[in-house]
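Residues per chain, in single letters:
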Amino acid sequence: MGTAVTTLADEARIDLACALRAADDAGFGEGVCNHFSLALADATFLINPQGLHWREITPADLVTIDAAGRKLAGRHEVEPTAFFIHGWIHRVAPQATCVLHTHMPYATALSMLDGGRLLMAHQNALRFHDAVAYEDQYNGLVLDDAEGERIARKLSGARVLFLANHGVIVIGPTVAWAFDDLYYLERACMHQVLAMGTGVPLKLIAPHVAVRTARQLDGERQQSDLHLSALRRRYGF
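So, here's what we can say about the structure. (Residues numbered from 1 in each chain as written. Predicted model: local features only at pLDDT ≥ 70, side-chain atom pairs only at ≥ 80, totals over all residues. Heavy atoms only, no water.)

### Some thoughts on the layout of surface pockets
No. 1: A volume near 260 Å³ is recorded for the largest pocket.
No. 2: Residue lining of the largest pocket: 17 residues in total, with Cys33, Glu79, Thr81, His103 and Leu141 positioned closest to the centre.
No. 3: Along the lines of polarity and charge, the residues of the lining of the largest pocket split into six nonpolar, 10 polar and one charged. (1 Å grid on protein atoms, 1.4 Å probe; cavity = no way out; pocket = protein on both sides within 12 Å on 5 of 7 lines; lining within 4 Å. Points joined across faces, edges and corners; volume = space filled by probe spheres on them. Nonpolar A, V, L, I, M, F, W, Y, C, P; charged D, E, K, R; others polar.)

Written as C-alpha cells, this is what we have:
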C-alpha cells in the first residue's frame, strides 16, 4: 500500500482545521461564531464556514474566498462579518498570513474593562510585549467595508488586537505561530484577571526584564511548531 501524498494546500487545510478543534477544546469557541482564516500562495484564503461547530469541522469543510470576501470554492457558506473582518485584515496587513478571531473568555473580559490592557505581570504576557494594539471604540457588528478597514488598520505594527466590548484578533505568519500566540494570550489574560480578582495590586515586571524576556521568547518559536505538531497527532490529522 502506498503512502498518501499531501500538497501544501492540503497541509494548510489540516493545520487550520486542527487549530479550530484545539481552540474549541481550550474553551475559545462561542456557539458557531468566530472565524479562523489562512492566506494561500495564490492570493486566496481558507476560512471556516457558517453554521458548523469548530469541533466538527474537517479540512474539507473549509471555504476558499478572495480578499474581497467572495466565495470561490466550498460546499458551505461564510458568515457575513467574516468577509469584512478577515478580508480587510488580509488585504492591509501583509504580516497576517493567519488571522484568528475569538471571543475567548479572559481576553474578552479584559476588552470589557474601561481602559483594559494586558499588563506585563506574568511571563506569558511578556511574549506580547510591544506587540499589542487596542481598539477602544465599539461600533456594533462589523458588517461594512468601512468598519472592516478601520479595525484592520489598527493592526499596523502589532500581532494582537483587543476589540473593546467584543473580543480579540491574533495574526501570524503561520497557523502554528498564530495559534500558539492565541493560546498563550488567553493564558496571560486568565492569570491577570484571576490576580486582579484578589484586589491586591499587580506586581509588574521591570521594563528592561520584559524587553529581554520577550526577545528570548521570540527566539523559541520552534515551540510553536511543536505545539501544532502535537495537536495534529492528538486529533489524528
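Let us keep going from here.
### Thoughts on the pattern of salt bridges
No. 1: This structure, assessed with the given rule, holds 17 salt bridges.
No. 2: Notably, a salt bridge pairs aspartate 24 with arginine 55, separated by 2.8 Å at the nearest N-O pair. A residue pair is termed long-range when its members are at least 10 positions apart, and aspartate 24 in helix α1 (residues 8–25) and arginine 55 in the loop between β2 (45–47) and β3 (63–65) qualify at 31 residues.
No. 3: Looking at aspartate 24, the relative accessible area reads 14%, which means it is buried.
No. 4: Beyond isolated ion pairs, a larger network of salt bridges with shared partners links Arg127, Arg159, Asp180, Asp181 and Arg221. (Salt bridge = Lys/Arg side-chain N within 4 Å of Asp/Glu carboxyl O. Helix = DSSP H or I, 4+ residues; strand = E, 2+ residues; numbered from the N terminus. Buried < 20%, exposed > 50% of the residue type's maximum accessible area, 1.4 Å probe, protein only.)

### Looking at the nonpolar core
No. 1: Grouped together as the largest cluster of nonpolar side chains are 42 residues, with contacts concentrated most on Leu16, Phe36, Leu118, Phe162, Phe179, Leu182 and Leu185.
No. 2: With eight residues, helix α6 (residues 175–196) is the largest single contributor of residues to this core.
No. 3: Counting residues in hydrophobic clusters, the runner-up holds 17 residues, among them Trp88, Ala96, Ala133 and Leu163. (Core = buried A, V, L, I, M, F, W, Y, C linked by side-chain atoms within 4.5 Å.)

### Re the packing of aromatic side chains
No. 1: What the rule picks out here adds up to three aromatic pairs.
No. 2: Summarising the aromatic geometry, the rings of phenylalanine 36 and tryptophan 54 are spaced 4.9 Å apart at their centres and angled 50 degrees between planes, so their arrangement reads as tilted. With phenylalanine 36 in strand β1 (residues 35–39) and tryptophan 54 in the loop between β2 and β3, the pair connects residues that are 18 residues apart, well separated along the chain. Assigned by exposure class, phenylalanine 36 and tryptophan 54 land together as buried.
No. 3: Centre to centre, the rings of tyrosine 183 and tyrosine 184 are 4.9 Å apart; their planes meet at 85 degrees, and the pair counts as edge-to-face.
No. 4: For tyrosine 183, a relative accessible area of 27% gives the class partly exposed. (Phe/Tyr/Trp six-rings, centres within 6.5 Å; stacked < 30°, edge-to-face > 60°.)

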